[in-house]
Amino acid sequence: QKEVEQNSGPLSVPEGAIASLNCTYSDRVSQSFFWYRQYSGKSPELIMSIYSNGDKEDGRFTAQLNKASQYVSLLIRDSQPSDSATYLCAVKGRGSTLGRLYFGRGTQLTVWP
Amino acid sequence: DTAVSQTPKYLVTQMGNDKSIKCEQNLGHDTMYWYKQDSKKFLKIMFSYNNKELIINETVPNRFSPKSPDKAHLNLHINSLELGDSAVYFCATRDRDFEQYFGPGTRLTVT
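Everything quoted here is computed from the prediction, not taken from an experiment. Residue numbers here run from 1 along each chain, matching the order of that chain's written sequence. Starting at A for chains and at 1 for ligands, labels are handed out in the order in which the entities are written. Restriction of local features to residues with pLDDT of at least 70 applies here, the model being predicted, together with a cutoff of 80 or more for giving and counting side-chain atom pairs; totals for whole chains, interfaces and linings are based on all residues. In computing side-chain values, all of the structure's heavy atoms are included and hydrogens and water are not.

Caption draft 1: Representation of the side chain of A:Ser30. In this text, helices come from DSSP runs of H or I with a minimum length of four residues, and strands from runs of E with a minimum of two, each type numbered from the N-terminal end. Note that A:Ser30 resides in the loop between β3 (19–25) and β4 (33–38). If near-sequence neighbours (up to four positions away) are discounted, A:Ser30 is found in contact with A:Tyr25, A:Lys67, A:Val91 and A:Lys92. Working rule for contacts: check all heavy atoms of both residues, and any pair within 4.5 Å makes them a contact.

Written out as structure tokens, the structure reads:
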């Protein structure tokens, strides 16, 4: 059973701060990593994917991957109240599990004005 | 145009009934999924089809039966509904980079 662990939160940050969301995974050979955002009552939407060690930036979002330590994180700079949502980390399995993603349980983020 | 659509959006029914949920995608992706999200927000994969072939079949009661008439459609039929089946069911597709795209969800309430 592949495991993806996230700190469940809730995480609460003031507007304008940096929100840091963390995720660890158990399968050492995982290759692809994704962050999804899910607003209450809505479906998950992909916000970032990362495949190589290091940082990947997209606007206010930065994904960081460290395969040696088996963690992936998401930083949200200049957090806005509209960023308040649950953030799901997902990891692509390999081999016989090639077709599936393993999801963490999500971290609930609240950005207060 | 909605990329992944599901019907119905809400479904309220009594225990013991049989119901179906339908999913359609216009993204041209070969692979589609059914997920169940419980009240604690955990997304659990149920089934996956690749070009109409079942490729993932998780440990799900056999009351749940998926069907894919073509690669743009994936349906989920549930027999003899139970209280524990109450959840949000999401259909999803994936592209070649394994990025998944979710439908709006079907909130099923069994009373």
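Caption draft 2: Quick peek at the environment of A:Ser84. Residue and element names in this part refer to chain A. Within the secondary structure layout, serine 84 lies in the loop between β8 (71–76) and β9 (85–92). Once the C-alpha coordinates of serine 84 and valine 29 are considered, the two residues, 55 residues apart in sequence, prove to be 32 Å apart. Once you skip the residues sitting within four places of it in the chain, serine 84 turns out to touch Tyr39, Leu109, Thr110 and Val111. Any pair of N or O atoms that falls within 3.5 Å is considered a polar contact. Within protein, one atom must be able to donate a hydrogen and the other to accept it, and sequence-neighbouring residues count only if both atoms are side-chain atoms. Among the polar contacts listed, one links the side chain of serine 84 to the backbone nitrogen of valine 111, at a separation of 2.9 Å.

Caption draft 3: Highlighting the state of the cysteines. All names here are of chain B. Disulfide assignment relies on a single distance test, namely cysteine sulfur atoms paired within 2.5 Å. For the structure on display, the rule yields two disulfides over all chains. Across the disulfide, cysteine 23 is cross-linked to cysteine 91 (sulfur-sulfur distance 1.9 Å). Disulfide cysteine 23-cysteine 91: torsion about the S-S bond near -75°, hence left-handed. With cysteine 23 in strand β3 (residues 19–25) and cysteine 91 in strand β9 (residues 87–94), this pair connects stretches of sequence that are 68 residues apart. Throughout this description, buried means an accessible area under 20% of the type-specific maximum (1.4 Å probe, protein chains only), exposed means over 50%, and partly exposed covers the range between. Given the relative accessible area of 0%, cysteine 91 is considered buried.

Caption draft 4: Structural detail: unusual backbone geometry. All names here are of chain B. The omega torsion across threonine 7 and proline 8 is -5°, close enough to zero to call that bond cis. Along the polypeptide, proline 8 turns up in the loop between β1 (4–7) and β2 (10–13). Look at lysine 41: it is not a glycine, yet its phi comes out positive at around 75°. You will see that asparagine 51, though not glycine, has its phi angle at about 50°, which is positive.

Caption draft 5: Structural context of the interface of chain B and chain A. Each partner contributes residues to the interface: chain B has 18 residues there, and chain A has 18 residues. We define a salt bridge as a contact between a side-chain nitrogen of Lys or Arg and a carboxyl oxygen of Asp or Glu at a distance within 4 Å. If you look at where chain B meets chain A, you find one salt bridge. For B:Glu58, the salt bridge is made with A:Arg100, and the minimal N-O distance between the two is 3.0 Å. Mapped onto the side of chain B that touches chain A, the elements with two or more residues apiece are β4 (31–37), β5 (43–50), β9 and β10 (100–102) of chain B. When residues of the side of chain B that touches chain A are assigned to their parent elements, the largest contribution, three residues, is made by β4(B). When grouped by side-chain class, the residues that make up the side of chain B that touches chain A number ten nonpolar, three polar and five charged. Throughout, the ten residues Ala, Val, Leu, Ile, Met, Phe, Trp, Tyr, Cys and Pro are labelled nonpolar, Asp, Glu, Lys and Arg are labelled charged, and all others, Gly among them, are labelled polar.

Caption draft 6: Fine view of the pattern of salt bridges. All names here are of chain B. All told, the structure shown has seven salt bridges over all chains when counted by the stated rule. Lysine 71 is the salt-bridge partner of aspartate 30, the closest N and O atoms lying 2.7 Å from each other. Of this pair, aspartate 30 sits in the loop between β3 and β4 while lysine 71 sits in the loop between β7 (64–70) and β8 (73–78); the two residues are 41 residues apart in sequence, bridging distant segments of the chain. Counted as one network, the salt bridges with shared partners bring together Arg63, Glu82 and Asp85.

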